[in-house]
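Topology and contacts: notes
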Amino acid sequence: MLLAIRLKALLKTCVLFINNLPRKHFFALILLFVFLLIISFIPSQKLRKKTIERQLVLPPMSTTAENYAIAEPIAAVKEVYSEVFPDFSGNREVQIEIKTGDTLSEIFQQEGLSAALLQELLEEDKQYLRLSNLLPGQKVKLLINPENKLLVLKVVIDLANTLTFTLKDDQYISLLEIKKGEWRNSVFQGSVTGSFYLDAKQAGLSAGQIQQISGALQDKFDFNRQFRLGDTFHILVSKQYIDGEYSFDSEVLAILIKTRLKNYSAFLYEDGRYYDQNGLGLNKAYRRSPLIKRYRISSPFNLRRLHPITKRISPHNGTDFAAPTGTKVYSIGDGIVVRAGYHPAAGNYIVIKHGRKYTSRYLHLSKIYVHKGQRVTMDTLIAKTGNTGRSTGAHLHYELHVYDRPVDAMKARLPLSKEVPRKQIKTFMQRRDLFLKEMGETSI
Ligand SMILES: [Zn+2]
């Protein structure tokens, strides 16, 4: 009832308004109404059908992984720092890229850090042997508080390894982070036109890989004399990539040499040794001790040993032999010298890599007879024992690492026999066939 009255009143007002309008205005109003009516009936189909097409074209550079990697390290460093020190305002961050001749002691001096502090860190570094010989291109990062106390020392050794020392309860805790990366296989092949070395280089193999190839078959094939024009070589190499970049860590997995008279082959087993197609060892097995004669073990491998000087738990990662200075030291097996030099705590030292699985270390030496990059065999005289570095008497400290972890060398399972053990022969054959398939070969 109320609504009807209201509507009636509204209509009345409208009529009154129109009636009171001048004639010209009245017609204009009618025209506007008709125009709006016509417009509302025009079909809008055309408009609806038209789709909007838009293409986003990114420049190819902006999508590569490398571009993202640039921003990564700084963020990663901050993350680690902030974990240990949630509030690091007032702390100073120093980042240095090592140039030829730079040493850590110089860097410490420049930053007003003491030599005693460096000694403490070097003692902790005895288990890594990374701080004494910094190489050009490596990055060192320091975090120092306003009282000039070192809170964090970080050394980016290479693409795969980063070593960090962090101050915690007045003690530096060390951590070696190892990125596993991705191993990718590739085949290199070619025919011999003159020198195998040059032809292999031409095919894309590195000097180290060529050394590994000739070393694997050294007792079977003379690479300098036995090749004839037209003979071919087929090599399967595994290369490590970290964040898409080649880390320069590689392994020769399989070798096939085809000559007019005979084929020669070598296959790398997981123990780091090369075997022929039947599982017969191509080179000598490992030795348990790097010394020929037996010597008393003055300190055995012990992960929970109390350090004789600091009285803190500090693992003894090796076996100490009480051998007099000048005793001959031999490599425990075939391999490549990856590091050799002097370390204030370890003295003269050698690190040998025997394939991907085993690594051996020899410390406190008086003389070193090998150099970095050199290929050694089980018979190679590599050093003489001594008493260098922080050592309390003449002895040999010998370490064995399996996949980068120290193990008791006197108890570890080492391939001591010449051929693949009977129990593992099936695994070996499967691996061999897989390698052959990857090389596109069906038989040897
Ligand atoms: Zn020792």
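So, how was this worked out
- Residues numbered from 1 in each chain as written.
- Predicted model: local features only at pLDDT ≥ 70, side-chain atom pairs only at ≥ 80, totals over all residues.
- Helix = DSSP H or I, 4+ residues; strand = E, 2+ residues; numbered from the N terminus.
- Buried ≥ 20, exposed ≤ 12 C-beta atoms within 10 Å, placed from the backbone.
- Contact = placed C-beta atoms within 7 Å.
- Pairing = 2+ DSSP bridges.
- Axes fitted to C-alpha atoms, helices over the stretch in contact; angles between N-to-C directions.
- Core = buried A, V, L, I, M, F, W, Y, C linked by C-beta atoms within 7 Å.
- Domains from an automatic or database assignment.
- Expected span 1.5 Å × (residues − 1).
- Arc of directions from axis to C-beta.
- pLDDT = per-residue confidence, 0-100.

**Focus: the overall build of the protein chain**
Tallying secondary structure elements over the protein chain gives 9 helices and 20 strands in all. Each of the 444 residues in the protein chain was classed as buried or not, and the buried ones make up 26%. Summarising the internal contacts of the protein chain: among those between residues at least 6 apart in sequence, 62% fall at separations of at least 24.

**Describing the sheet that holds strand β2 (residues 139-144)**
Sheets are built from strands paired through backbone hydrogen bonds, the pairs being either parallel or antiparallel. In spatial order, the strands read β1-β2-β3-β4-β5; together these 5 strands make up an open sheet with antiparallel pairing. Strands with a single pairing partner mark the edges of an open sheet, and in this sheet they are β1 (92-97) and β5 (171-178). Put simply, the sheet's adjacent strands are angled 15 degrees from each other on average, direction ignored. The pairing of β1 with β2 spans 6 bridges and is classified as antiparallel. Across the sheet, residue arginine 92 finds its bridge partner in β2, namely isoleucine 144. Helix α6 (residues 115-124) rests against β3 (150-156), β4 (161-168) and β5 of the sheet, and its axis sits at about 45 degrees to β5.

**Thoughts on the sheet that holds strand β10 (residues 274-275)**
The 5 strands are arranged β6-β7-β8-β9-β10 in an open sheet whose pairing can be described as antiparallel. Strand pairing shows two members of the sheet lacking a second neighbour, β6 (182-191) and β10, which therefore form its edges. The pairing of strand β9 (residues 263-268) with β10 spans 2 bridges and is antiparallel. Considered in β10, the bridge of phenylalanine 267 is made with tyrosine 275. Sheet strands in contact with helix α8 (residues 207-216) are β7 (232-242), β8 (245-258), β9 and β10, and its direction is about 35 degrees off that of β8.

**Some words on the nonpolar core**
By size, the foremost hydrophobic cluster in this structure holds 39 residues, and its most contacted members are Tyr349, Ile350, Tyr362 and Leu365. Sorting the residues of this core by element identifies α6, β2, β3, β14 (335-343), β15 (347-354), β16 (358-368), β18 (381-385) and β19 (396-402) as the ones contributing at least two each. Of the residues forming this core, the biggest block, 6 residues, is contributed by β3. Three or more residues apiece are contributed to this core by two domains, here domain 1 (69-178) and domain 3 (297-407). The contact partners of tyrosine 362, leaving out residues within four places of it in the chain, are Pro290, Val329, Tyr349, Ile350, Ile382, Ala383, Leu396 and Tyr398. Core analysis: the next-biggest nonpolar cluster, separate from the first, contains 31 residues, Ile213, Leu217, Leu256 and Phe267 among them.

**Describing the pairing of β3**
For β3, a buried count of 7 out of 7 residues is recorded, marking the element as mostly surrounded by other parts of the structure. Across 6 bridges, the pairing between β2 and β3 is antiparallel. Looking at the pairing, lysine 141 lines up with lysine 154 of β3. Looking at chain direction, β3 and β4 are connected through 5 bridges and run antiparallel. Paired with valine 156 across the bridge in β4 is threonine 162.

**Comments concerning the environment of lysine 154**
Along the chain, lysine 154 falls in strand β3. Exposure remark for lysine 154: the 20 C-beta atoms within 10 Å place this residue in the buried category.

**A short note on unusual backbone geometry**
Located in the positive-phi region is leucine 129, a residue other than glycine, with phi close to 55 degrees. Note that leucine 129 resides in the loop between α6 and β2. The exposure class assigned to leucine 129 is buried, which follows from the 20 C-beta atoms found within 10 Å.

**What about helix α9 (residues 425-438)?**
Owing to its 3.6 residues per turn, the α-helix brings residues three or four apart onto one side. For α9, with 14 residues, the first-to-last C-alpha span of 20 Å sits near the 20 Å given by 1.5 Å per residue. Taken together, the buried positions of α9 are Phe428, Arg432, Phe435 and Leu436. Buried residues of α9 fall within an arc of 100 degrees about the axis and therefore sit on the same side. Along α9, exposed side chains directed more than 90 degrees from the buried face belong to Lys426, Gln430 and Lys437. Packing partners of the buried residues in α9 comprise β7, β8, β9 and β10. Glycine 440 sits one or two positions beyond α9 and adopts a positive phi of about 75 degrees.

**Regarding the environment of leucine 291**
Note that leucine 291 resides in the loop between β10 and β11 (297-299). Classification of leucine 291 by C-beta neighbours within 10 Å gives partly exposed; the count is 17. Counting along the chain gives 41 residues from leucine 291 to isoleucine 332, while the straight-line C-alpha distance between them is 8.9 Å. Here leucine 291 is in contact with Phe321, Ala323, Thr327, Val329 and Leu396, once residues within four sequence places are set aside.

**Describing the confidence of the model for the protein chain**
With 81% of its residues at a pLDDT of 70 or more, the protein chain shows a mean pLDDT of 84. Of the regions scoring below 50 in pLDDT, residues 44-86 engages in 16 contacts with residues more than four places distant in sequence or in other chains.

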